[in-house]
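Overview (structure and organization)
For reference, the chains in residue letters:
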Amino acid sequence: MDCDQSKRILRAIRVFEDRLTGHVTVSEAAEAACYSLYHFCRTFNTVAHHSPYDYLMRRRLSEAAQRLIGAESDSRRPRIIDIAFDYRFNSAESFSRAFKKMFGVQPKQYRNRGTIDRRYLLDEITAHHLDLMNRAAGPIPERIQLDGMTVTGLMRFVSRECAGIDRLWEDLGTGPRTKIAQHSSSQGVSPYIGIACFPREWKRSGLYYLAGVRRQEHETENPALIAKQLAAGMYARFSFAAKHDELQHILEYILQTWLQKSGYRREVPFVLIAYDSRPEPGGKAVIGQQVCVPLL
Amino acid sequence: MEAKIVQRERMTLVGLSFFGDPFKEKGGWNEENEIGRLWSRFMTYLGDRRLQLSGEVPGSSDRTVFYEVHIIHPETDSTGEYEIFTGFEARDVTFTPPEFLIKVLPASSYAVFTLSGEQITSDWYQIIYRSWMPGSGYREAYRYSFQMYDQRFKGTKRLDESELDLYIPVTADANA
């Protein structure tokens, strides 16, 4: 993917994003990218890993889903039919059908549940996402079998933007209470493991992140640390060279784009990140990461 | 790009088709898109002895000529979806196996462009419709076009050694 291509596709994405509640055609987005419709569809799919119309529909449904939950009180919440019309659906039925296809539940059930699960949304694809994909080893992951493992370390809630991860790595192993012994890599997986966990029914927008080290058995003598045991299983492994604060975009690509097209179940409870080397404080260094998604 | 204007009689093609966004990737382990999958499906049948079409299949003596037809749908501008048909020309379709479709293209004048190497994956559509057609004295006659693959096409992994002909149905532009 070249720079010029990315810029043109971002222009087209801008057209879609500016008109999520307005009338827009794929043809108009193609014009903004200065491509013919045929070449635009080919390039958009290559760069963004969605077809243009699919991107538009998923973005509209994602915004509609967030409006369904919204911050308004019950009495001030918009009606479902009004949200449907706002996002250019012709009827409650067509909205409901498309909504169920994307989120697995009807709009009313989604509203009653009251939580937004970001794994099921599609957030706006930005220059950050495209830049990251450019640096990935490829959009096609390897399929691997991992043995069960125990990861011991520090866990904290982090925001959706994944701020604070580098601080966790700094805290781990610097104080006597959190110091942890090293372990050599095995099975091609380095000892430095991050685990991004997605709590079920969690109302806050963010995730739990564990910064830890792979251990053979649970480390019981250090009460400041927690241990997480992962069962053996099949994973899709993606290779990235990225900074800590890019984890948000990595997860968004894998969960919101790759996983939803793959046919595998999307409600993965966690994503495992094996770092090529110990993450440094500051989080500004680019580090090799093998991001592994369990295949359910 | 240079164009030759040729006349072709009505063409009867036998093959397979897909409707949708042809570049949509399935994701997962194989990033092949719908066009690639259509050709794979089609090629599977070529060695099949059940595919016995009576009459000659025109083309060069060592290689059948294949066609990939792109047909615009009324909603194509809105959704980016259209029909792709891949097949070959047959004189007699009486015994066409049920696995296949028959596509008839009308007799028409065509502007023929030869694409080679990088041109094959360039935005030729934009160049032809935006740069060549205005001022050519011609306009689009039908909302389809096709690519003709013969022995000059060496495969997707050898595009730099390949050539194919692109046919755009045209009619004289009365306003030119």
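Residues numbered from 1 in each chain as written. Chains lettered and ligands numbered in written order. Predicted model: local features only at pLDDT ≥ 70, side-chain atom pairs only at ≥ 80, totals over all residues. Heavy atoms only, no water.

1. What to know about the overall build of chain A
The criterion, for reference: To qualify as a helix, a DSSP run of H or I must reach at least 4 residues; to qualify as a strand, a run of E must reach at least 2; elements of each kind are numbered from the N terminus. Summary of the burial criterion: residues with accessible area below 20% of their type's maximum are buried, those above 50% are exposed, and those between are partly exposed, where the area comes from a 1.4 Å probe applied to protein chains only. Contacts: residue pairs with any heavy atoms within 4.5 Å of one another. Here, Shrake-Rupley sampling with a 1.4 Å probe gives the accessible areas, and only protein chains in the shown set may cover a residue.
Within chain A one finds 10 helices and 8 strands. For chain A, buried positions account for 55% of its 296 residues. Partitioning the intrachain contacts of chain A with sequence separation of at least 6 by distance along the chain shows that 73% fall at a separation of at least 24. For chain A, the exposed surface amounts to about 13300 Å²; the carbon and sulfur share of it is 48%.

2. Section: helix H3 (residues 37–48) of chain A
Residues and elements named next belong to chain A. What counts here: Take the number of residues in a helix, subtract one, and multiply by 1.5 Å to get its expected span.
Taking 1.5 Å per residue, 12 residues should reach 16 Å; H3 reaches 16 Å between its end C-alpha atoms and fits that length. With respect to burial, H3 is a largely interior element, 11 of its 12 residues being buried. Just beyond H3, the residue with positive phi is His49, at close to 60 degrees.

3. Overview of the state of the cysteines
Under the convention used in this document: Only a pair of cysteine sulfur atoms within 2.5 Å qualifies as a disulfide here.
Considering all chains together, one arrives at 0 disulfides over all chains under this definition. Looking at Cys41 of chain A, it has no disulfide partner, and the nearest cysteine sulfur is the one in Cys34 of chain A, 15 Å off.

4. Examining the nonpolar core
All names here are of chain A. So the rule is basically this: Here, nonpolar core refers to any group of buried Ala, Val, Leu, Ile, Met, Phe, Trp, Tyr and Cys residues whose side-chain atoms link them within 4.5 Å.
In this structure, Phe40, Phe103 and Tyr110 are the most contacted members of the largest nonpolar core, which totals 74 residues. Contacts of Tyr110, omitting those with residues within four sequence positions, involve Ala65, Leu68, Ile69, Phe99, Phe103, Val105, Thr115, Ile116, Asp117 and Leu121. Judged by nonpolar contacts, the second largest core, of 38 residues, contains Leu225, Phe238, Ala242 and Ile273.

5. Some thoughts on helix H6 (residues 92–103) of chain A
Residue and element names in this part refer to chain A. With 12 residues, H6 ought to run about 16 Å at 1.5 Å a step, and its terminal C-alpha atoms sit 16 Å apart, in line with that. The set of residues buried in H6 consists of Phe95, Ser96, Ala98, Phe99, Met102 and Phe103. Looking at the packing, one finds that the buried side of H6 touches helix H4 (52–69), helix H5 (80–86) and helix H7 (107–113).

6. Considering the pairing of strand S7 (residues 270–275) of chain A
All names here are of chain A. Filter applied, for reference: Pairs of strands are assigned from DSSP output, requiring at least two bridges between the strands.
The element S7 is largely enclosed, with a buried count of 6 among its 6 residues. Side-chain alternation along S7 places Phe270, Leu272 and Ala274 on one buried face and Val271, Ile273 and Tyr275 on a second face that is also buried. Bridging between S7 and strand S8 (residues 287–294) involves 4 bridges; their strand directions are antiparallel. From the neighbouring strand, Ala274 faces S8, where its bridge partner is Gln290.

7. Remarks on the interface of chain B and chain A
Definition in use: Two parts placed together each lose some accessible area; with a 1.4 Å probe, that loss summed over both constitutes the buried area. A side-chain nitrogen of Lys or Arg and a carboxyl oxygen of Asp or Glu constitute a salt bridge if their distance falls within 4 Å. Within 3.5 Å is the distance limit for a polar contact, defined as a pair of N or O atoms, with the added protein rule that one can donate a hydrogen and the other accept it, and that residues adjacent in sequence qualify only through two side-chain atoms.
Chain B puts 27 residues into the contact, and the matching count from chain A is 30 residues. Interface area, chain B with chain A, both sides summed: about 2300 Å², of which 56% is carbon and sulfur. In this structure, Glu31 of chain A and Arg130 of chain B form a salt bridge, with 3.3 Å as the shortest nitrogen-oxygen distance. Scanning the region where chain B abuts chain A turns up 9 residue pairs in polar contact (both at pLDDT 80 or more). Put simply, the parts of the chain that give the side of chain B that touches chain A at least two residues each are strand S5 (66–71), helix H2 (76–79) and helix H3 (124–132) of chain B.

8. Thoughts on the pairing of S8 of chain A
Residue and element names in this part refer to chain A. For S8, the buried fraction is high: 8 of the 8 residues fall into the buried class. Residue alternation in S8 divides its side chains into two sets, Ile287, Gln289, Val291 and Val293 and Gly288, Gln290, Cys292 and Pro294, and both sets are buried. As defined by bridge partners, strand S6 (residues 233–242) adjoins S8 across 8 bridges and the pair is classed as antiparallel. Across the sheet, the residue bridging to Tyr235 is Pro294, located in S8.

9. Section: the sheet that holds strand S5 (residues 226–230) of chain A
Residues and elements named next belong to chain A. The following threshold applies: Axes here refer to lines fitted to C-alpha atoms; in helices the fit is confined to the stretch in contact. Angles between the N-to-C directions go from 0 to 180 degrees.
Judged by pairing direction, the sheet is antiparallel, and its 8 strands sit side by side in the order S1-S6-S8-S7-S3-S4-S2-S5 without closing on themselves. Either end of the sheet is taken by a strand with one partner, and the two such strands are strand S1 (142–146) and S5. Taking each pair of neighbouring strands and ignoring which way they run, the sheet shows an average axis angle of 35 degrees. Where strand S2 (residues 149–159) lies against strand S4 (residues 206–215), 10 bridges are found, and the strand directions are antiparallel. Looking across to S4, one finds that Thr152 is bridged to Val213.

10. Some remarks on the pattern of salt bridges
On inspection of all chains with the given rule, the structure shows 24 salt bridges over all chains. Asp171 of chain A is the salt-bridge partner of Arg156 of chain A, the closest N and O atoms lying 3.1 Å from each other. Residue Arg156 of chain A is located in strand S2, and its partner Asp171 of chain A is located in helix H9 (residues 165–171); the two are separated by 15 residues in the primary sequence. Classification of Arg156 of chain A as partly exposed rests on a relative accessible area of 35%. Glu34 of chain B is the partner of Arg37 of chain B in a salt bridge, and the nearest nitrogen-oxygen pair spans 3.1 Å. Residue Arg37 of chain B and its partner Glu34 of chain B are both found in helix H1 (residues 34–46); the two are separated by 3 residues, about one turn of the helix. Accessibility expressed as a relative area gives 23% for Arg37 of chain B, which makes it partly exposed. One salt-bridge network, held together by shared partners, links Asp150, Arg152, Glu163 and Asp165 of chain B.

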